[in-house]
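Single-letter residue listing:
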Amino acid sequence: MKQEVLLGDEAVALGAIHAGLSGGYSYPGTPASEIMEFLIKHAERRKKFKASWSVNEKVAYEEALGISYSGKRALVSMKHVGLNVAADPFINSAITGANGGLVVVVADDPSMHSSQNEQDSRYYVQFAQVFCFEPSNHQEAYNMTREAFDVSEKLGIPVMVRMVTRLSHSRSRVLPRPSRKQNSLRLGVGKDWTLLPVNARRRFKILLEKQSELLKVSNESRFNSLRLDKGDPSLGIIASGIAYNYVLENYEKGKSFPSILKISTYPLPEGLILELVNNVETVLVVEEGYPFIEKSLKGMCGIRGKSLIGKLGGHLPLTGELSPEIVRQALNMKPTEKRTIGDFSLPPRPPQLCAGCPHADTYKVLNKVLESYSQSNVFSDIGCYTLGALPPYNAIHSCVCMGASIGMAKGGSEAGIHPSVAVIGDSTFAHSGLTPLLDAAVSNTNMTVIILDNSTVAMTGGQPTYASGDGLLRMIEGVGVDREHIRVVEPLPKNFENNVRILKEEIDYQGLSVIVAVRECIQEARKKKRS
Ligand code: SF4
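Source: prediction; values computed, not measured.

Participant: Sorry if this is basic, but what is going on with the sheet that holds strand β19 (residues 512–518) here?
Facilitator: Pairing between the strands of a sheet is mediated by backbone hydrogen bonds and can be parallel or antiparallel. Reading across from one edge, β15-β16-β17-β19-β18 is the order of the 5 strands in this open sheet, with parallel pairing throughout. Every other strand in the sheet has two partners, leaving β15 (377–379) and β18 (486–489) as the edge strands with one partner each. Neighbour-to-neighbour, the strand axes of this sheet turn through a mean angle of 20°, independent of strand direction. Pairing geometry for strand β17 (residues 447–453) and β19, over 7 bridges, is parallel. For Ile450, the partnering residue across the bridge sits in β19 and is Ile515. Lying on the sheet, helix α14 (residues 358–370) is in contact with β15, β16 (420–425), β17 and β19; it crosses β17 at an angle near 160°.

Participant: Looking at this structure, how should I read the pairing of β17?
Facilitator: On a regular strand, one side chain projects to one face of the sheet and the next to the other, so that they alternate. Most of β17 sits inside the fold, with 7 of its 7 residues counted as buried. Residue alternation in β17 divides its side chains into two sets, Met447, Val449, Ile451 and Asp453 and Thr448, Ile450 and Leu452, and both sets are buried. With 5 bridges connecting them, β16 and β17 associate as parallel partners. Bridging from a neighbouring strand, Ile424 pairs with Ile451 of β17.

Participant: Any chance you could explain the sheet that holds strand β13 (residues 282–286) here in plain terms?
Facilitator: Spatially, 5 strands are ordered β9-β11-β10-β13-β14 in an open sheet, and the strand pairing comes out mixed. If you trace the sheet from one side to the other, it starts and ends with β9 (225–227) and β14 (307–309), each paired once. Ignoring which end each strand starts from, the neighbouring axes of this sheet average 15° apart. Bridging between strand β10 (residues 235–240) and β13 involves 5 bridges; their strand directions are parallel. Looking at β13, one finds that Gly236 is bridged to Val283. Each of β9, β10, β11 (259–263) and β13 is contacted by helix α10 (residues 241–248), which is oriented at about 135° to β10, the strand it contacts most.

Participant: In this structure, what is going on with the pattern of salt bridges? I would like to understand it.
Facilitator: Oppositely charged side chains can form a pair if their charged atoms are brought close together. Per the stated rule, a full pass over the model turns up 26 salt bridges. With a shortest N-O distance of 3.1 Å, Arg122 and Glu287 are connected by a salt bridge. With a gap of 165 residues between them, Arg122 in helix α6 (residues 122–128) and Glu287 in the loop between β13 and α12 (292–298) connect regions that are remote in the sequence. One salt bridge connects Lys262 with Glu140, and the closest N-O pair in it is separated by 2.6 Å.

Participant: How should the site of the ligand be read in this particular structure?
Facilitator: Around the ligand, the surrounding shell consists of Leu353, Cys354, Cys357, His359, Cys384, Asn454, Ala458, Cys521, Ile522 and Gln523. Of the residues belonging to the shell around the ligand, the class tally is 7 nonpolar, 3 polar and no charged.

Participant: What exactly am I supposed to notice about the side chain of His18 here?
Facilitator: Relative to the helices and strands, His18 resides in helix α1 (residues 8–18). If we ignore the near neighbours within four places in the chain, the residues touching His18 are Met1, Arg46, Tyr142, Arg146, Pro176, Arg177, Pro178, Ser179 and Arg180.

Participant: Quick question: what am I supposed to make of the layout of surface pockets here?
Facilitator: Regions of empty space are outlined by a rolling probe, equal in size to a water molecule, passed over the atoms. What the largest pocket holds in volume is close to 830 Å³. As for the largest pocket, its lining consists of 40 residues, and the residues nearest its centre are Ser114, Ile382, Gly383, Met402 and Met459. At the level of secondary structure, the elements contributing two or more residues to the lining of the largest pocket comprise α3 (57–69), α4 (82–85) and α16 (426–432). Considering each element in turn, the lining of the largest pocket owes the most residues, 5 residues, to α16. When grouped by side-chain class, the residues that make up the lining of the largest pocket number 16 nonpolar, 20 polar and 4 charged.

Participant: Would you mind going over empty space enclosed by the protein with me for this structure?
Facilitator: All told, the structure shown has 3 cavities of 30 Å³ or more when counted by the stated rule. The space that makes up the largest cavity amounts to roughly 90 Å³. For the largest cavity, the full set of lining residues is Asp361, Thr362, Val365, Ile450, Val489, Pro491, Asn499, Ile502, Leu503, Ile515 and Ala517. Secondary-structure elements contributing two or more residues to the lining of the largest cavity are α14, α19 (496–508) and β19. Residues that form the lining of the largest cavity fall into these classes: 8 nonpolar, 2 polar and 1 charged. Each pocket or cavity is described by its volume, and for the second largest cavity that value is around 60 Å³. In terms of lining residues, the second largest cavity is bounded by Tyr27, Pro28, Trp53, Ser54, Val55, Ser427, Ala430, Val457, Pro464, Thr465 and Tyr466.

Participant: I'm lost on the environment of Ser168 in this one. Help?
Facilitator: Within the secondary structure, Ser168 is located in helix α8 (residues 165–168). With relative accessibility at 0%, the residue Ser168 sits in the buried group. For the pair Ser168 and Met36, spaced 132 residues apart in sequence, the C-alpha to C-alpha distance is 12 Å. Beyond its immediate stretch of four places on either side in the chain, Ser168 contacts Leu7, Gly8, Asp9, Pro31, Ala107 and Met163. One polar contact links Ser168 to Asp9, side chain to side chain, over a distance of 2.9 Å.

Participant: Before we go on, may I ask you to explain the packing of aromatic side chains in this structure?
Facilitator: Counted according to the given criterion, the structure contains 10 aromatic pairs. Judged by centre distance (5.8 Å) and plane angle (55°), the rings of Tyr123 and Tyr290 are tilted. In this pair, Tyr123 sits in helix α6 while Tyr290 sits in the loop between β13 and α12, placing the two residues 167 residues apart along the sequence. In this structure, Lys262 packs its charged tip against the face of Tyr244, placed 5.7 Å from the ring centre.

Participant: Would you explain helix α15 (residues 404–415) in this entry?
Facilitator: Two residues of an α-helix separated by three or four positions point the same way, owing to the 3.6 residues in each turn. Between the first and last C-alpha of α15 there are 16 Å, a value that for 12 residues agrees with the 16 Å anticipated at 1.5 Å per step. All of the buried residues along α15 are Ala404, Ser405, Ile406, Ala409, Lys410, Gly412 and Ser413. Of the surrounding elements, those touching the buried residues of α15 are β15, β16, α16, α17 (434–442) and β17.

Participant: Whenever I open this one, the side chain of Asn446 confuses me. Can you help?
Facilitator: Locating Asn446 in the fold gives a position in the loop between α17 and β17. A polar contact is formed between the side chain of Asn446 and the side chain of Gln510, at a distance of 3.3 Å.

Participant: Whenever I open this one, the packing of helix α5 (residues 87–96) against helix α9 (residues 197–220) confuses me. Can you help?
Facilitator: Two quantities define a packed helix pair, namely the angle between the helix axes and the distance between the axes. With their axes 7 Å apart at the nearest point, α5 and α9 run at an angle of 85° to one another. Classified by the interaxial angle, the pair formed by α5 and α9 is roughly perpendicular. Residues Ala94, Ile95 and Thr96 of α5 lie in contact with α9, whose contacting residues are Ala200, Arg203, Phe204 and Leu207. Residue composition of the contact of α5 with α9, by class: 5 nonpolar, 1 polar and 1 charged.

About the thresholds
- Residues numbered from 1 in each chain as written.
- Predicted model: local features only at pLDDT ≥ 70, side-chain atom pairs only at ≥ 80, totals over all residues.
- Heavy atoms only, no water.
- Pairing = 2+ DSSP bridges.
- Helix = DSSP H or I, 4+ residues; strand = E, 2+ residues; numbered from the N terminus.
- Axes fitted to C-alpha atoms, helices over the stretch in contact; angles between N-to-C directions.
- Contact = heavy atoms within 4.5 Å.
- Buried < 20%, exposed > 50% of the residue type's maximum accessible area, 1.4 Å probe, protein only.
- Salt bridge = Lys/Arg side-chain N within 4 Å of Asp/Glu carboxyl O.
- Near = heavy atom within 4 Å.
- Nonpolar A, V, L, I, M, F, W, Y, C, P; charged D, E, K, R; others polar.
- 1 Å grid on protein atoms, 1.4 Å probe; cavity = no way out; pocket = protein on both sides within 12 Å on 5 of 7 lines; lining within 4 Å.
- Points joined across faces, edges and corners; volume = space filled by probe spheres on them.
- Polar contact = N/O pair within 3.5 Å; in protein donor to acceptor, adjacent residues only side chain to side chain.
- Phe/Tyr/Trp six-rings, centres within 6.5 Å; stacked < 30°, edge-to-face > 60°.
- Lys NZ or Arg CZ within 6 Å of the ring centre and 35° of its normal.
- Expected span 1.5 Å × (residues − 1).
- Parallel < 35°, antiparallel > 145°, perpendicular 65-115°, else oblique.

In structure tokens, the structure reads:
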């Protein structure tokens, strides 16, 4: 087969297709979105497997689990915080087990390029007690995803592939292998997937008993490699994922190299770790994310008496992405010589709403209305509109996680804040805003929810939204919001005065009101016009 130049995310998707994928599901989130974009493109062309966006990560996981229970191979992908949303089915499906190969690809975002935290998904792997691959390059992203389906079927559990931003969003050559056939429908008759306590206790015991098998697969995996330099025992390096490449970049090919263990699988391959530790005096751990391996080593029998360095002792930073240069410092090497090749200084580009964005008009209206109240709070959500926190709008006061705005506004109202306002986008509302709105409707809480309907998931590149237009209005009414207090406005400069009046009326209403601000994202409108 011919080599292809692929994003890390695309290499994952191609690996899954060639492994005999039957279904792929996801919710958009940087840096994982390109996995599903690639799958959808190929599903449309090949018409052999199903690939689609889901309403949120939990639903995506459950759809993939349904495929797996049917004996077929499924992939679910998401960004790291998406796994918080999908944690319930993820952890419980480790107990029921998988039937057809079930692979969950999670892309972590160290440095928070486009996220609210740096959480490290390897802790979820440990928590759920499942298996994980961590690729260090694009070819491995392809190979490991492909193999993850086999390991999932062999061990009968979901298997994670952990990506990071730098790998997801860089391109490199990948040599694919021939496609395999899909599994045929194979129902797991007799398998106890019904987690009644009596079954759950039995299944959990089975999961615990499998742990030694997981460890064996990890110890024997061809993706881990140990190279011992018997001549110089002073330093041994343990490196995982993309951090392994950062170490390699600091050594010239063919020149002497310290002992190094590359870790690509979890649970940690203890046998290989102890072999390295027994042959060196000091161990440097280089890993992207939290000091997961380093902390595990501290608790491992056999590391005692050796010097262990890494993130915990300050040899590497605890926050942010690593880089070859940062790793170079930890290796006690001279900094690389900097070369200047002309002046490429660019004007600063602080994040901001696009010129003409509909959200800007909504925030102007909101700020105008709130001027006349002595105390108010605007609880926001995740989307382009979060940029309303910045000048010149300074319109929102909090943003925590997907769908949180409505619940927080309810809590704020119950604490005595008036006006208590929630601002949420259409897609985020479908993702996890419906249930808190139901809560607020049941108690008719004195608060106002502004839903920004721009007909797309704008922030991640314009994926489809499942709560827009008339359908969105029916959902709002359906959860019990009084029809009289569901108001639709069009956020345009010419409607400013009218929109101020409507918003003020609803804020002054003593109960729950919802304002739906409907105007298409201008980037999407332009895309449509161009095509
Ligand atoms: S992409 Fe669309 S929604 Fe996002 S800031 Fe630009 S115009 Fe506004």
